[in-house]
Amino acid sequence: LGLSCDAIGQTSRAESLLRDAVEIHRNASTTEKLELAGSPDNLAKFYTAHGRYAEAEPLFQHSLEMVGRIVGEHDLGYAVCLQNLATMHRMAGNGARAQPLLRKAAVIDEAVLGSRHPLVIMILSEQGLVALREKDYTAAASYLQKVYDLSREVYGPDHLKTIFAESNLALSFTRTGKLELARKMLNHVLETERNSPDVSPHEFARSLTNSAELSTMLQDTKQAEAYYREAIPIWRSIAAEHGDELGTALQKYARVLKAGQHKGEARSIEKEAKAFLGARAVSTQ
């Protein structure tokens, strides 16, 4: 119920329910059971999704240690816990702590499931995203190419998981200077996501923003403006959950507007970005 409340934006109620679940499980039994690790893990995922990494980490560690004691450190459940902790470190910008956890999880998953299993593909994707964040673009492209190729084989070329893999690969190509190839891939991603009812608003807005940044690099200012004009209202509508991305998109949009000689509108967007980011800084202190 807590996770469902979070999914529909009832953040305070979600946190209260998830914390209650943790306390109930802590007091339910003196005997450790595998399902008892689920409650701290769910609360940690909630904190991670809301950028509260310092609160998430000890809960992930608690789940990891409990699962390790109960089923051992070569079990798939242990690998999932490793990956959850690694994802939190990636989102917190700590790739050095994420990669060893991902490598360990990959060894477990491949030994049990083989190299083409969705869990293995997911870990490869995490490794690629960590490499992107760490600006190791050659490694990122290698990981994300594997993810895209495996996704096409396992899910099919038109599956949304494959489309998301294509989007990440295009981002790595952008970083390595393969701009025309990246543009071709992102155009395909946008076309597919625009016509899919299963794509979340933040995923579509992110693809639009990535396309806008690429257009800016290609000096196609008008196209960049068009992408931002479509992306910004979506980011505004989900600012409570994705405020940092809205703030960043507003700043980049203002720079594009300046380049396109829309200086009055650029000043207005700059003011919005400054006010928004300032309010967020105060709220997170």
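Everything in this summary refers to the structure shown in the same document. Just so it is clear, the model here is predicted, and its values are computed rather than measured.

Taking 1.5 Å of rise per residue, the 16 residues of helix α10 (residues 179–194) would be expected to cover 22 Å, and the 22 Å separating its terminal C-alpha atoms lies within 8% of that figure. Burial in α10 covers these residues: Leu179, Ala182, Met185, Leu186, Val189, Leu190 and Glu193. Seen end-on, α10 carries its buried residues on one side only, within an arc spanning 140°. Those residues of α10 that are exposed and angled more than 90 degrees off the buried face are Lys184 and Glu191. Taken together, the buried residues of α10 touch α9 (160–175), α11 (201–217) and α12 (221–237).

Before going further, it helps to spend a moment on a nonpolar patch on the surface. Residues Leu34, Ile70 and Val71 make up a contiguous nonpolar surface patch of about 200 Å² in total accessible area. Note on placement: Ile70 falls in helix α4 (residues 53–71). Judged by its relative accessible area of 32%, Ile70 is partly exposed.

Once that is clear, we can look at the nonpolar core. Within the largest apolar cluster, 31 residues are counted, with the highest numbers of intra-cluster contacts made by Leu43 and Leu82. Where this core is concerned, the elements lending two or more residues are α2 (11–28), α3 (38–49), α4, α5 (76–91), α6 (95–113) and α7 (118–133). Of all the elements, α5 adds the most residues to this core, at 7 residues. Residues contacting Leu82, with those up to four places away along its chain left out, are Leu64, Leu101, Lys104, Ala105 and Ile108. Counting residues in hydrophobic clusters, the runner-up holds 28 residues, among them Ile163, Ala231, Ala239 and Ile269.

It is worth spelling out the environment of Glu241 at this point. Tracing the backbone shows Glu241 in helix α13 (residues 239–259). Here Glu241 falls in the partly exposed class, since its relative accessible area comes to 40%. Here the alpha-carbon distance between Glu241 and Thr11, two residues 230 residues apart in the chain, equals 9.6 Å.

About the criteria used
Residues numbered from 1 in each chain as written. Predicted model: local features only at pLDDT ≥ 70, side-chain atom pairs only at ≥ 80, totals over all residues. Heavy atoms only, no water. Helix = DSSP H or I, 4+ residues; strand = E, 2+ residues; numbered from the N terminus. Expected span 1.5 Å × (residues − 1). Buried < 20%, exposed > 50% of the residue type's maximum accessible area, 1.4 Å probe, protein only. Arc of directions from axis to C-beta. Contact = heavy atoms within 4.5 Å. Patch = residues over 30% accessible without salt bridge, like charges linked within 9 Å, V, L, I, M, F, W, Y side chains within 5 Å. Areas by Shrake-Rupley, 256 points an atom, 1.4 Å probe, with all protein chains shown as cover. Salt bridge = Lys/Arg side-chain N within 4 Å of Asp/Glu carboxyl O. Core = buried A, V, L, I, M, F, W, Y, C linked by side-chain atoms within 4.5 Å.

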